[in-house]
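Here is what each chain is made of, one letter per residue.
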Amino acid sequence: MKVLYDGPVHVSYFQIYVMSGGTFASDPAESNQGQANGLCGAALPGTLFLTTGLHTGRTHFTVELHAEQPPVDATWEEVVEAAFRPAEEEIALVEWAGEAVHLLELPVDDYRVRYCATGMDAAAEADTVKDDEPPIDRYLLQFWPAAPQPDAILEQTAEVAEYWHHAWKD
């Protein structure tokens, strides 16, 4: 396992992204179109639209690359998976409006991505976390090589996660 990023990030409007190929996944409905989950929008090629519990402020993100599918860690309250293939070699975790870009050393390949979260309801209730305050919610994004397959909800406990899973359905 290789850690690609581990540190604080700033989210706005419940959003942070993985981007490649210059495409910006700014439309949550388009990014989640046709998916079962509403937390990891992977409908647009080369992008992931990641939804958080926190509206605005600092939270913590870890991004990992695995050689094979890792076991699901039961400490995470929310767990979803989706298919992802970068559109080009430059891939980044991107904060709102490109305010910060964290490059990810992720080779171009077909991946399964697992997005895990904890503390989403508490973060949603707080709404905002200032930079000098400790994060309320935490997130883990795991990639491993895999053939494309439909997205899935593996674990859902938070009310806010349930809301997002249904928000983009037609």
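(A) Broad picture of the side chain of His 102. Along the chain, His 102 falls in strand β8 (residues 101–104). Given a relative accessible area of 17%, His 102 falls into the buried group. A polar contact of 2.7 Å, which involves the side chain of His 102, links it to the side chain of Glu 95. Not counting the four nearest positions on each side in its chain, His 102 is found in contact with Tyr 5, Pro 8, Val 9, Ile 91, Ala 92, Leu 93 and Glu 95.

(B) Examining the nonpolar core more closely. Leu 48, Leu 50, Leu 93 and Phe 143 are the most contacted members of the largest nonpolar core, which has 36 residues in total. Apart from residues lying up to four places away in sequence, Leu 48 is in contact with Ile 16, Tyr 17, Val 18, Cys 40, Gly 41, Ala 42, Phe 84, Val 113, Leu 141 and Phe 143. Core analysis: the second largest hydrophobic core is formed by 5 residues, Tyr 17, Met 19, Ala 92 and Val 94 among them.

(C) Representation of the sheet that holds strand β7 (residues 91–94). Read from one edge of the open sheet, 5 strands run β3-β4-β2-β7-β8, paired in antiparallel fashion. If you trace the sheet from one side to the other, it starts and ends with β3 (40–41) and β8, each paired once. Pairing geometry for strand β2 (residues 15–20) and strand β4 (residues 47–51), over 5 bridges, is antiparallel. Residue Met 19 lies in a different strand from β4, and its bridge partner there is Thr 47.

(D) Quick look at the environment of Gly 98. In this structure, Gly 98 sits in the loop between β7 and β8. For Gly 98, a relative accessible area of 37% corresponds to the partly exposed category. Sequence spacing of Gly 98 and Ile 16 is 82 residues, and the spatial spacing of their C-alpha atoms is 9.5 Å.

(E) Main features of the environment of Ala 158. Inspection of the secondary structure assignment puts Ala 158 in the loop between β12 (152–155) and α3 (159–167). C-alpha separation for the pair Ala 158 and Gly 53, spaced 105 residues apart in sequence, amounts to 9.1 Å. Those residues within four positions of Ala 158 in sequence are excluded, and the remaining contacts are Glu 78, Met 120 and Asp 121.

(F) Layout of the packing of aromatic side chains. Tallied over the entire structure, the rule returns 9 aromatic pairs. Where Phe 61 meets Tyr 139, the ring centres are 5.3 Å apart and the plane angle is 20 degrees; that geometry is what we call stacked. Remark: Tyr 139 occurs in strand β11 (residues 138–145) and Phe 61 occurs in strand β5 (residues 56–65); sequence separation between them is 78 residues. Judged by relative accessible area, Phe 61 falls into the buried class, the value being 0%. Seen in terms of ring centroids, Tyr 115 and Tyr 139 are 5.7 Å apart; in terms of plane orientation they differ by 15 degrees. Their pairing is stacked. Taken together, the residues Tyr 115 in strand β9 (residues 111–118) and Tyr 139 in strand β11 connect sequence positions 24 residues apart. Taking relative accessible area as the criterion, Tyr 115 reaches 1% and is therefore assigned buried. Chaining the aromatic ring pairs together yields one cluster made of Phe 14, Tyr 163 and Trp 164.

What counts as what
- Residues numbered from 1 in each chain as written.
- Predicted model: local features only at pLDDT ≥ 70, side-chain atom pairs only at ≥ 80, totals over all residues.
- Heavy atoms only, no water.
- Helix = DSSP H or I, 4+ residues; strand = E, 2+ residues; numbered from the N terminus.
- Buried < 20%, exposed > 50% of the residue type's maximum accessible area, 1.4 Å probe, protein only.
- Polar contact = N/O pair within 3.5 Å; in protein donor to acceptor, adjacent residues only side chain to side chain.
- Contact = heavy atoms within 4.5 Å.
- Core = buried A, V, L, I, M, F, W, Y, C linked by side-chain atoms within 4.5 Å.
- Pairing = 2+ DSSP bridges.
- Phe/Tyr/Trp six-rings, centres within 6.5 Å; stacked < 30°, edge-to-face > 60°.

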